[in-house]
Amino acid sequence: MENQETTLKLGTIVVDSEEDEQSEPLEQQHNNEKESVEPESKPVAGAGDEEGQQYAYLDRNEFTSEIYKIEVKNMGYFGIGEFKKLLKNTLKLDMTKIKSPTRKEFAFVCFRTKADQERALDTLNGYKWKGRILKAFEAKASADPLHKRRAEDEANNSGQPKRRKTAVEATCPLAALPYEDQLQTKTEEMSSLLKKYTQELRKVNPQAKPHLDNFKFEGVIPSTTINGYRNKNEFTVGKNSNGEIVVGFRLGSYSDGSVEVAEVQQLPHLPDAAKWAAESFQCLVRQSKFLPFNPVGNVGHFRQLMVRYSNSAHELMLVAGVYSSNLSETEQHELKEELKTFYEQQVDQNSPYKCSSLYYQDVKHREAGQMVNPVEHLLGSTHITDSIQGLQFRISPLAFFQINTEGANVLYQKAIDLAAPTKDSTVLDICCGTGTIALSFAKHCKQVLGVEIVPDAIKDAEFNAEANGIKNCKFFTGNADDFIKSMVHEALYDQAAGKKCDLIAIVDPPRAGLHNRSIAAIRSASAITRLVYVSCNPHIAKRNFIELARPESKQYKGEPFYPKTALAVDMFPHTAHTELVILFERETRRDAKADADSQADENPNSISEADIKETESAGAVTPDAI
């Protein structure tokens, strides 16, 4: 389908668009015990049985912050961020979680110990905050969402089973459409999203109007690979509707009352290598004495399988996720040996695929401050390699790498074209991952400075730069908002005296988008003139788009970045997801004044806003004062 350029006139407000991933269950929820060891659980007799199970999780020998929860009332209008700052910074309370319904004047706060809970109650009850006297008291634990939903379904459906989606329906909702129709659907969705965004921005910042009048959407670029494009998949270990052990995708969420898992052989977006990996691991689990994990009761062991595949190098990495809370050290060692032996021998000697890298991942409740579940290398190489933009990239188990390798070639080239770097440009790659964007930009600019919070990803980025013979990239490990200012200073320090610095920012954040502190740091760095935002979840990223273009304020210092051009790349055929790329440009005060002067020349009797601001700052009389 040909991409048509669309000029966005008046817009509207927020909108949809979803995550870059399919509806695949990640590490949290998997399925039942092994059928050969335990009989299937009995059918639920009635809603009362499910109601009785809604709080059974509190009796497990496991930590849950629901036990030590309080409710704080009479808060008035508040932001979660400011309330968290009050608790942690001002009152020094050691809380684990804050939950608050939207637009309500109360919040729930969870703690790790009874002592922490009691101290919070003593501190907050009667505390004066924002002119209000807070009330705090112990709160009841939340019901287990799975049993709660099942009880509701039983009550509403009179015991009639609810039809579940098939694996294709759950993960590839557009698969039944011809690809041209999929692109048309996504083009309409992205156009609607951007129109709604521009309308909201017009309300937030009226000065954006002339920029938004010229804001263009260039359509959706098709994927060069339509089937079998996913190079990374996370499969759940569980049971299907017949009680058979399956390694595949969940058909619903735990909170939706579902723990059913379906096989993946019919899914069009998975490569054959990933399907082989799921099938081989399923064979291992079925013959093992260790059980599939069951989220209903947190029992069992095999929880998930992450598969990464490089089509260019034909390398296959498997990361077996195991729930170890109910395993002794001896049993953990035995399970690891079982994994190694199984893949050393290979399931099918005639298979075209082979596990080239095997990891064990301890997947359980994370400790305080723990960012990821740790992995342990068991067999084969420690990394796999893949190619984007003619460059070779080493990929570690937990590092971010674009799901669609062929699509990434298109995506990065479009980002380069929009940013339009020169040999004098410095590019800041914020959320740089393994350095794929940074290294792709390197030959088009003077230097690239990248920052990423995952240490292993930075190690990969540095290795990738050296392996590709690239000398003009430098990487930093840490939070983006902590490094943006220092990277800008480094870029300015390296600039020749008297020469204007052309500083471009590239951001490709996780689904949740950039933290507002990162946006504030970018806004305050006046040397950054252009910004390319690559979003895998445009609906969530809309908040960032608005923050970039808000009028200057105490929180967001520095002139706004206005959207100039947008395009989408279909990185995920057969799904509803699309990658959106927007070029933002900053209008400096000098540019704004030049535009105003130009308008004043055309109409000598008019008074520009720039003139008014100048006279106000000089203490002159303004038209309003006459």
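Since the model is a prediction, treat every value here as computed from it, not as a measurement.

Ordered in space as 3-4-2-7, the four strands form an open sheet in which the pairing is antiparallel. Each edge of the open sheet carries a strand with a single partner, namely strand 3 (95-99) and strand 7 (135-138). This sheet shows a mean twist of 25 degrees between the axes of neighbouring strands, independent of strand direction.

Attention now goes to the environment of R303. Here R303 is to be found in strand 12 (residues 302-310). Along the backbone, R303 and V363 are 60 residues apart, and their C-alpha atoms lie at a distance of 7.5 Å.

This part is about empty space enclosed by the protein. Tallied over the full model, the rule gives three cavities of 30 Å³ or more. F400, Y412, D429, C431, C432, G433, T434, T436, I437 and D508 are the residues that line the largest cavity. Among the residues making up the lining of the largest cavity, the classes are represented as five nonpolar, three polar and two charged.

What follows deals with the sheet that holds strand 10 (residues 245-250). The strands making up a sheet associate through backbone hydrogen bonding, with each pair oriented either parallel or antiparallel. Spatially, 11-10-9-12-13-14-15 is the arrangement adopted by the seven strands of the open sheet, whose pairing is mixed. Of all strands in the sheet, those with a lone pairing partner are strand 11 (261-262) and strand 15 (375-380), marking the two edges. Packed onto the sheet, helix 8 (residues 272-287) meets strand 9 (232-239), strand 10, strand 12 and strand 13 (315-322) and runs at close to 150 degrees relative to strand 12.

Contact geometry of helix 14 (residues 516-524) with helix 15 (residues 538-549) gives a least axis separation of 10 Å together with a crossing angle of 30 degrees. In this view, helix 14 runs roughly parallel relative to helix 15, as classed from their interaxial angle. In terms of crossing hand, the pair formed by helix 14 and helix 15 is right-handed. Where helix 14 approaches helix 15, its residues N516, I519 and R523 are matched on the opposing element by R543, N544, E547, L548 and A549.

Here we come to the environment of A208. As for its placement among the helices and strands, A208 is situated in the loop between helix 6 (179-204) and helix 7 (209-213). In this structure the C-alpha to C-alpha distance between A208 and T198, which are ten residues apart in sequence, comes to 9.0 Å. Leave out the neighbours within four places in its chain, and A208 touches L201 and Y562.

Turning next to the pairing of strand 18 (residues 425-430). When you tally the buried positions in strand 18, you get six out of six residues, the bulk of the element. With burial as the criterion, each face of strand 18 is covered, one bearing S425, V427 and D429 and the other bearing T426, L428 and I430. In the sheet, strand 18 pairs with strand 21 (residues 502-507) via six bridges, with the strands oriented parallel. Bridging across to strand 21, D429 finds its partner in I506. Running through helix 11 (residues 436-442), the crossover from strand 18 to the neighbouring parallel element strand 19 (residues 447-452) is right-handed.

Per-chain confidence: the chain averages 82 in pLDDT, with 77% of residues scoring 70 or above. Counting interchain partners and residues more than four positions distant, the pLDDT-below-50 stretch residues 1-48 has 179 contacts. Residue range residues 592-626 is modelled with pLDDT below 50. Its contacts to residues more than four positions away, or to other chains, number 16 contacts.

Moving on, we get to the packing of helix 8 against helix 9 (residues 329-345). One can describe the packing of helix 8 onto helix 9 by two numbers: an axis separation of 11 Å at closest approach and a directional angle of 130 degrees. The orientation of helix 8 relative to helix 9 falls into the category oblique. In the packing of helix 8 onto helix 9, the handedness of the crossing is right-handed. Here W276, A277, S280, F281, C283, L284 and Q287 of helix 8 lie close against helix 9, whose contacting residues are L339, F342 and Y343.

Right, let's get into the packing of aromatic side chains. Going through the model one piece at a time under the given rule, you end up with 14 aromatic pairs. Measuring from ring centre to ring centre gives 5.7 Å for F83 and W129, while their planes differ by 45 degrees; the resulting arrangement is tilted. Taken as a pair, F83 in helix 2 (residues 80-90) and W129 in strand 5 (residues 128-129) lie far apart in primary sequence, 46 residues in all. Grouping residues by exposure puts F83 and W129 together as buried. Plain terms: the ring middles of F545 and F584 are 5.9 Å apart, the flat faces sit at 40 degrees to each other, and that makes the pair tilted. You can see F545 sitting in helix 15 and its partner F584 sitting in strand 24 (residues 579-586), a full 39 residues away along the chain. Residue class for F545 comes out buried when judged on its relative accessible area of 0%. Using a relative accessible area of 0% as the deciding quantity, one classes F584 as buried. A network of ring pairs unites the aromatic residues Y197, Y533, F545 and F584 as a single cluster. Here K336 stacks its cationic end above the ring of Y360, 4.7 Å away from the centre of that ring. Above the ring of F463, the side-chain terminus of R394 is found at 4.1 Å from the ring centroid.

Attention shifts here to the pattern of salt bridges. Counted under the stated rule, the structure contains 19 salt bridges. With its nearest N and O atoms 2.9 Å apart, the salt bridge here joins K130 to E82. Here K130 is found in the loop between strand 5 and strand 6 (132-133), whereas its partner E82 is found in helix 2, with 48 residues between them in sequence. What makes K130 partly exposed here is its relative accessible area of 44%. Via salt bridges that share partners, R202, K209 and D213 belong to a single interconnected network.

Let us now look at helix 13 (residues 480-493). Over its 14 residues, helix 13 extends 20 Å from the first C-alpha to the last, a length consistent with the 20 Å expected when each residue adds 1.5 Å. Those residues of helix 13 that sit buried are A480, D481, I484, M487, V488 and A491. The buried residues of helix 13 occupy an angular sector of 105 degrees when projected down its axis, which confines them to one face. Residues D482, K485 and Y493 are exposed on helix 13 and point more than 90 degrees away from its buried face.

This brings us to the nonpolar core. Counting 50 residues, the largest nonpolar core has L194, I430, I522, I528, L531 and F584 as its most contacted members. Top element by residues in this core is helix 6. It accounts for seven residues. Not counting residues within four places of it along the chain, the set of residues in contact with I528 comprises L428, V488, L503, A505, I522, F561 and R586. Of all hydrophobic cores here, the second largest spans 46 residues; its members include I388, A438, C445 and L583.

Cut-offs used in this document
Residues numbered from 1 in each chain as written. Predicted model: local features only at pLDDT ≥ 70, side-chain atom pairs only at ≥ 80, totals over all residues. Heavy atoms only, no water. Pairing = 2+ DSSP bridges. Helix = DSSP H or I, 4+ residues; strand = E, 2+ residues; numbered from the N terminus. Axes fitted to C-alpha atoms, helices over the stretch in contact; angles between N-to-C directions. 1 Å grid on protein atoms, 1.4 Å probe; cavity = no way out; pocket = protein on both sides within 12 Å on 5 of 7 lines; lining within 4 Å. Points joined across faces, edges and corners; volume = space filled by probe spheres on them. Nonpolar A, V, L, I, M, F, W, Y, C, P; charged D, E, K, R; others polar. Contact = heavy atoms within 4.5 Å. Parallel < 35°, antiparallel > 145°, perpendicular 65-115°, else oblique. Left-handed = near helix turned anticlockwise from the far one by under 90°. Buried < 20%, exposed > 50% of the residue type's maximum accessible area, 1.4 Å probe, protein only. Right-handed = clockwise from strand over helix to strand, strands pointing away. pLDDT = per-residue confidence, 0-100. Phe/Tyr/Trp six-rings, centres within 6.5 Å; stacked < 30°, edge-to-face > 60°. Lys NZ or Arg CZ within 6 Å of the ring centre and 35° of its normal. Salt bridge = Lys/Arg side-chain N within 4 Å of Asp/Glu carboxyl O. Expected span 1.5 Å × (residues − 1). Arc of directions from axis to C-beta. Core = buried A, V, L, I, M, F, W, Y, C linked by side-chain atoms within 4.5 Å.

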